[in-house]
Amino acid sequence: MHEAVTDIPAVPSPVIAVVDDDAAARISLVRLLDVSGYTVQAYDSGEAFLEAPGGAEASCVVTDLQMPGLTGLDLQQALAARGRPVPMVFISGYGTVATSVQAMRHGAVDFLEKPAAPDALLEAIERAVAKGRTLSARQEQRLDVERRLALLTARERQVFD
């Protein structure tokens with residue numbers, strides 16, 4: 001007879017932030033991601049995302065390129081300036097080669113035409129989430145090293161250097 005294991009903690013689903021000023025597109029993306037098992041946070045502008053306390057939890061940002069106010073590229077740069085580069089997937093009906101290259105050079109995971117095919121979008125999000133996990137692990141290692149270095153005495157630090 002086998003006992004059921006009930007003490008295994010559930011792995012939280014990645015949080016995907018959807019940033020799009022087009023309400024219909026935003027709702028469609030939220031529904032797709034929700035039925036795909038993701039936790040989704042939706043924002044109607046880059047400014048709303050940056051001001052929201054929950055935005056810091058995002059594992060990935062799916063954003064439109066062209067929006068009033070902060071564009072998708074502006075949002076990407078604002079996150080990098082805050083020391084919080086989040087893997088991003090850009091979607092746009094008006095993208096150019098130059099803007100897609102700029103987005104990719106600054107760390108975008110993918111750049112898809114709007115409306116994005118659901119399979120292509122979900123695949124891009126999976127790659128972004130995986131990239132985010134890698135970035136988080138590296139950042140945690142860096143912080144751990146910094147904490148350990150801070151514990152060294154002046155002499156130990158001199159020897160270490």
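Our structure's up above, just so we're on the same page.
Each value, and the rule that gives it
Counting starts from 1 at the beginning of each chain's written sequence and moves along it residue by residue. Restriction of local features to residues with pLDDT of at least 70 applies here, the model being predicted, together with a cutoff of 80 or more for giving and counting side-chain atom pairs; totals for whole chains, interfaces and linings are based on all residues. For the side-chain quantities, the full set of heavy atoms in the structure was used; hydrogens and water were omitted. For two strands to pair, DSSP has to find at least two bridges joining them. The helix count covers DSSP runs of H or I at least four residues long, the strand count covers runs of E at least two residues long, and both are numbered beginning at the N terminus. Interaxial angles span 0 to 180 degrees and are taken between N-to-C directions of axes, which are lines fitted to C-alpha atoms, for helices over the stretch in contact. Take the number of residues in a helix, subtract one, and multiply by 1.5 Å to get its expected span. Each residue's exposure class comes from its accessible area (1.4 Å probe, protein chains only) as a fraction of the maximum for that residue type: buried when under 20%, exposed when over 50%, partly exposed otherwise. The arc in question is formed by the directions pointing from the helix axis toward the C-beta atoms.

### Some remarks on the sheet that holds strand β2 (residues 39-43)
Part 1 of the reasoning: Pairing is parallel in the open sheet, where five strands are placed in the order β2-β1-β3-β4-β5. Two strands bound the open sheet, and with one partner strand each, they are β2 and β5 (110-113). Geometrically, the sheet is characterised by an average inter-axis angle of 20 degrees between neighbouring strands, direction not taken into account.
Part 2 of the reasoning: Here strand β1 (residues 15-19) pairs with β2 via five bridges, running parallel. Its bridge partner lying in β2, Ile16 is registered against Val40.

### Digging into helix α1 (residues 23-35)
Part 1 of the reasoning: Compared with the 18 Å implied by 1.5 Å per residue over 13 residues, the 18 Å span of α1 between its first and last C-alpha is a close match.
Part 2 of the reasoning: Taken together, the buried positions of α1 are Ala25, Arg26, Leu29 and Leu33. In a view along the axis of α1, the buried residues occupy a sector of 100 degrees, so they form one face of it. Pointing more than 90 degrees away from the buried face of α1 are the exposed residues Ala24, Arg31, Asp34 and Val35.

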